[in-house]
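Here's the letter readout for the chains.
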Amino acid sequence: MNLDFLAVAPVVALTVAVVALLMIDVQLKTPNPRWWAAWAVFGLGGATVASGFQWATHRGGDGARYFTDMIVIDGFSSFAGLVVFPVSALGLVAAWPLARSLGKRGAEFVTLVLVAAAGAHLMAAASNLIVLFIALEVFSISLYILAGFTRTRPDADEAALKYFLLGALASAIFLYGVALTFASTGTTDLDGIAEFLGSRIIFRPGILVVGIGLVVVGLAFKVSAVPFHAWAPDVYQGSPSGITGFMAATAKVAGFAALARLLTTAFDARAADWVPAVAVLAAASVVVGTLLALAQSDIKRMLAYSSVSHAGFVLTALVASGAGVEAMWFYLAAYAVAVVVAFGIVGAVAGGDSGRVSLTDFAGLGKRSPWMAGGLTLMLLSMGGIPLTAGFVGKVAVFRVAIDAGYMWLVIVGLVAAVAALFFYLRVVVLMYMQPADQDTPIAVSPGMRLVIGVGGVLTLGLGVAPWPLLTWLADALPL
């Protein structure tokens with residue numbers, strides 16, 4: 001049993017931090033953000049170190065299963081932790097001014113971020129559909145609350161309610177898919193499902209195919225893939241700008257980690273059934289996300305539709321089944337860093353608790369705050385796939401595996417959409433450097449925001465110029 005708890009050491013570290021945060025906050029009459037920061041560092045730092053230890057011991061190996069085979073620790077889950085926890089830390093640093101402004105409620109805000117990070121990691125480590133559902137709900141409920149946490153704007157309450165109602169529907173669909181999968185295979189264990197499907201010929205696979213489809217639909221909602229993306233623009237726009245980057249990044253990483261493990265392990269024997277559907281979802285997401293982003297005048301809605309398009313690019317990697325997992329991880333890591341920094345800058349410019357943020361608010365930002373303008377420019381160029389950025393390498397990686405899998409038409413769609421997407425990314429750059437601002441008052445950049453931009457810039461350029469170390473690592477980050 002001791003080994004079992006070592007297997008969930010990242011979650012244990014986060015749980016200790018959450019309990020300590022809440023207990024201390026109850027005792028203190030006045031808020032103490034230093035205590036919040038100390039326990040947040042303990043939780044996310046400890047979880048990152050634990051994930052690093054698990055990576056060192058299980059990367060490239062057979063991994064190990066714990067808690068009656070419901071949780072698996074392998075290179076896949078370990079690398080997920082090495083992405084989720086540092087990205088969560090960046091998101092929390094970017095949202096720190098918002099947390100401080102909440103007074104005593106700031107401790108609850110930090111707690112929800114830590115709980116969401118724990119749920120995201122468990123989604124990647126789950127080897128049983130029931131555990132995956134529980135982790136999904138822990139993660140999702142935390143985000144529902146964060147979306148409307150400020151209580152100062154009607155659109156924030158609207159965003160939280162929409163997210164909750166549509167998320168509950170997606171969870172119900174996912175659970176129904178789990179039930180049909182169990183009815184078809186007699187187990188909810190991922191290895192058990194894989195063994196059943198690999199050793200039997202199913203002459204009437206209708207129920208199983210529907211079950212796989214419903215499970216994919218439930219997770220496609222979480223990653224905002226078309227046509228299950230309708231919630232994303234309203235939720236991103238209404239949520240506090242300071243925390244939206246964390247929500248967007250962790251939702252993508254956790255959702256795709258769960259989807260990749262399910263499809264490439266449990267349902268790999270039925271790849272002929274789900275790969276064409278994933279290809280259609282990918283093409284639809286890339287096209288719809290790009291076209292709708294072109295028409296936006298609000299930067300948060302633009303980034304929301306951009307995230308829909310990026311979901312399509314990640315799905316493009318999964319058409320290669322297990323061979324596309326390395327490309328998926330690289331793209332997710334590059335996008336998670338870029339979107340956290342981008343939304344962090346939006347929050348710094350418009351205010352951490354802001355809702356709607358017009359593109360015109362960024363006119364003249366290059367003069368008012370060269371540091372933030374430069375950081376946002378770099379992140380947008382990475383999302384657009386400009387060479388020497390991590391986003392470019394990510395796109396090349398997903399296109400390569402899709403070509404190898406025989407989906408040249410999907411790559412062509414992606415290439416055309418990527419070129420079109422440069423319009424709305426470069427439009428923001430033009431506003432920042434070539435349009436005069438309504439006011440010339442400089443914008444102060446906090447030390448935390450400088451740290452977020454600096455770390456994000458180093459990672460984006462570093463992975464764009466020298467991606468080989470990470471690509472070599474990712475060969476060991478495959479699911480069992």
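Details of the structure are given in the entry above.
Before going into details, it helps to say that this report is about the structure given with it. Per-chain numbering applies: the sequence of each chain, read as written, is numbered from 1 onward. Restriction of local features to residues with pLDDT of at least 70 applies here, the model being predicted, together with a cutoff of 80 or more for giving and counting side-chain atom pairs; totals for whole chains, interfaces and linings are based on all residues. Derived side-chain values reflect all non-hydrogen atoms in the structure, with water molecules and hydrogen atoms excluded from consideration.

1. Re the overall build of the protein chain
For clarity, the cut-off: By the criteria applied, helices consist of DSSP H or I runs no shorter than four residues and strands consist of E runs no shorter than two, each listed in order from the N terminus. For the radius of gyration, the atom set is restricted to C-alpha positions; the globular benchmark scales as 2.2 Å times the number of residues to the power 0.38. Accessible area is worked out with a 1.4 Å probe on protein chains only. A residue is then buried under 20% of its type maximum, exposed over 50%, and partly exposed in between.
Within the protein chain one finds 21 helices and two strands. Its C-alpha atoms give the protein chain a radius of gyration of 21 Å, near enough to 23 Å, the size a compact globule of 480 residues would have. Each of the three principal axes of the protein chain carries a C-alpha extent, and together these read 70 × 55 × 40 Å. When burial is assessed residue by residue, the protein chain has 60% of its 480 residues classed as buried.

2. Comments concerning the side chain of Asp74
This is how the line gets drawn: Any two residues whose heavy atoms approach within 4.5 Å at even a single point are treated as in contact.
With respect to the secondary-structure elements, Asp74 resides in the loop between strand S2 (71-73) and helix H4 (75-94). For Asp74, the contacting residues outside a window of four places in its chain are His58, Gly63, Arg261, Leu478, Pro479 and Leu480.

3. Looking at the packing of aromatic side chains
The condition that has to hold: Stacked, edge-to-face and tilted labels apply to pairs of Phe, Tyr and Trp rings (six-membered ring for Trp) whose centres lie within 6.5 Å, assigned for plane angles under 30 degrees, over 60, and everything in between, in that order.
Under the counting rule described, the total for this entry stands at 18 aromatic pairs. Between Phe76 and Trp329, the ring centres sit 5.2 Å apart and the planes meet at 55°, which makes this aromatic pair tilted. Taken as a pair, Phe76 in helix H4 and Trp329 in helix H15 (residues 325-350) lie far apart in primary sequence, 253 residues in all. Across this residue pair, the class does not change: Phe76 and Trp329 are buried. What links up through ring pairs into an aromatic cluster is the set Tyr144, Tyr163, Phe164, Phe221, Trp231, Tyr236 and Phe343.

4. Some thoughts on the pattern of salt bridges
We apply this condition: When a carboxyl oxygen of Asp or Glu is within 4 Å of a side-chain nitrogen of Lys or Arg, the pair counts as a salt bridge.
With the rule as written, the count across this model stands at eight salt bridges. Residues Arg59 and Asp476 are paired through a salt bridge, measuring 2.9 Å at the closest nitrogen-oxygen approach. Placement of Arg59 in the loop between helix H3 (33-58) and strand S1 (64-66) and of Asp476 in the segment after helix H21 (468-474) is noted, with a sequence separation of 417 residues between them. On the basis of relative accessibility, which here comes to 31%, the residue Arg59 falls in the partly exposed class. Asp404 is the partner of Arg400 in a salt bridge, and the nearest nitrogen-oxygen pair spans 3.8 Å. Pair noted here: Arg400 and Asp404 are both in helix H18 (residues 390-404), with a separation of four residues, about one helical turn.

5. Some words on the nonpolar core
Our working rule: Here, the term nonpolar core denotes a set of buried Ala, Val, Leu, Ile, Met, Phe, Trp, Tyr and Cys residues that are joined through side-chain atoms within 4.5 Å.
By size, the foremost hydrophobic cluster in this structure holds 178 residues, and its most contacted members are Phe109, Phe256, Met328 and Trp329. The leading source of residues in this core is H15, at 20 residues. For Phe256, the residues in contact, after removing those within four places along its chain, are Val223, Ala311, Val314, Leu315, Leu318, Met328 and Leu332.

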